[in-house]
Amino acid sequence: RTGSSPLTFILIGIPGLPMSSYWMALPLCCLYLLMLLGNCTLLWVIKTDHSLHTPMYYFLSMLAMADLGLSLSTLPTMLAIFWFESTSLHFEACVVQMYFIHSFSAIESGVLVAMAFDRFVAICYPLRYASVLTSSLIMKAGGAIFMRGICVVLPVAILIKKMPFCRSHVLSHSFCLHQDMLRLVCGDVRVNSLYGLTAVILTKGLDSLTILLSYMMIIRAILNIISQEARAKAFSTCISHLCAVLIFYIPLIGLSVIHRFGKHLPPLTHTLLADAYLLVPPVLNPLVYSWKTKQIHRRILILLCRR
């Protein structure tokens, strides 16, 4: 940081588009409104319908809350850029935004693991489902997922806050990401990079392997079911969760790969993948679960018909 003036970063919108691009701002606002409406409706339906007070829907509530947190973390800077053409952001605010984005991302990944475990117990040990997934266990799992997201990302924020920034202060996205901020540091970033990589491996790396292992055992259990109808029914209970996993992990893996190996790619590729990673899952998850889960689908239709 130079002199006594506070350090500020410059955020960018979409490369190649003018800042006052209202045709881009309007769809973004619609996406955020759709996200808020979808996730809040999901939470309200689960809270008010006592038939949905089961482990599967408690985990779905956690997913909706993580989606809300993830989207609301990016909302201030996205709206500031596309509506008000305000691109500067103080360093401290950038660190706070980065912390919340990565924390809620880690929390969402943990919730997807819990949901995979829920499907594993329901299909592989159906008679023990109620005794294994008790309310106490669900509360402890939720608390552990939340605390992991908070604690694992905290050192990332502390480490980067101590780093000197003396290069260009222009970031590559409409929000602050750790990898993007690290690119502008002019000191030794080996500790930051090593811890950042360790944090990703301990959260999303282990989570994706756990989900993969769960589904290997689920598929094996489904294939052992003799009845074709029962087999199809068992698999159909996993479709919504599988969609949520793919929606979350495909953009995440793509973004991680191009940050490390795609420096030659045009900036638009980085921007679109980052936007997809943070905006698409919170918008699509409520739609997928509302459409594929009969109880939620039916409840929403009843509410619409009443109005």
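Because the structure is a prediction, the values reported are computed rather than measured. (Residues numbered from 1 in each chain as written. Predicted model: local features only at pLDDT ≥ 70, side-chain atom pairs only at ≥ 80, totals over all residues. Heavy atoms only, no water.)

Q: For this particular structure, what's the right way to read the nonpolar core?
A: Counting 82 residues, the largest nonpolar core has F9, L60, L112, F165 and M181 as its most contacted members. Elements that contribute at least two residues to this core include exactly α1 (22–48), α2 (55–84), α3 (91–124), α5 (135–161), α6 (178–182), α7 (190–223), α8 (228–261) and α9 (267–292). Counting residues per element, this core draws most heavily on α3, at 16 residues. Among residues more than four places away in sequence, those in contact with M181 are F9, F91, C94, V95, M98, I160, F165, L171 and C176. (Core = buried A, V, L, I, M, F, W, Y, C linked by side-chain atoms within 4.5 Å. Buried < 20%, exposed > 50% of the residue type's maximum accessible area, 1.4 Å probe, protein only. Helix = DSSP H or I, 4+ residues; strand = E, 2+ residues; numbered from the N terminus. Contact = heavy atoms within 4.5 Å.)

Q: Where do I start with the state of the cysteines in this structure?
A: Working definition: the covalent bond between the sulfur atoms of two cysteines is a disulfide. Overall, the coordinates contain one disulfide when judged by the stated rule. Residue C94 pairs covalently with C176 via a disulfide, S to S 1.9 Å. On the S-S bond that ties C94 to C176, the torsion sits near -115 degrees, and the link is left-handed. Pair noted here: C94 is in helix α3 and C176 is in the loop between α5 and α6, with a separation of 82 residues, a long-range link. (Disulfide = S-S within 2.5 Å.)

Q: Whenever I open this one, the UniProt feature "transmembrane region" (unreviewed entry) in the chain confuses me. Can you help?
A: The sites that UniProt annotates as "transmembrane region" (unreviewed entry) are residues 21–46, 58–84, 96–117, 137–160, 238–258 and 270–289. Secondary structure within residues 96–117 divides into 100% helix and 0% strand; the distance between the first and last C-alpha atoms comes to 32 Å. Between the C-alpha atoms that bound residues 238–258 there is a distance of 30 Å. The span itself is 100% helix and 0% strand. (UniProt positions renumbered as here; feature names shortened; annotations may be inferred.)

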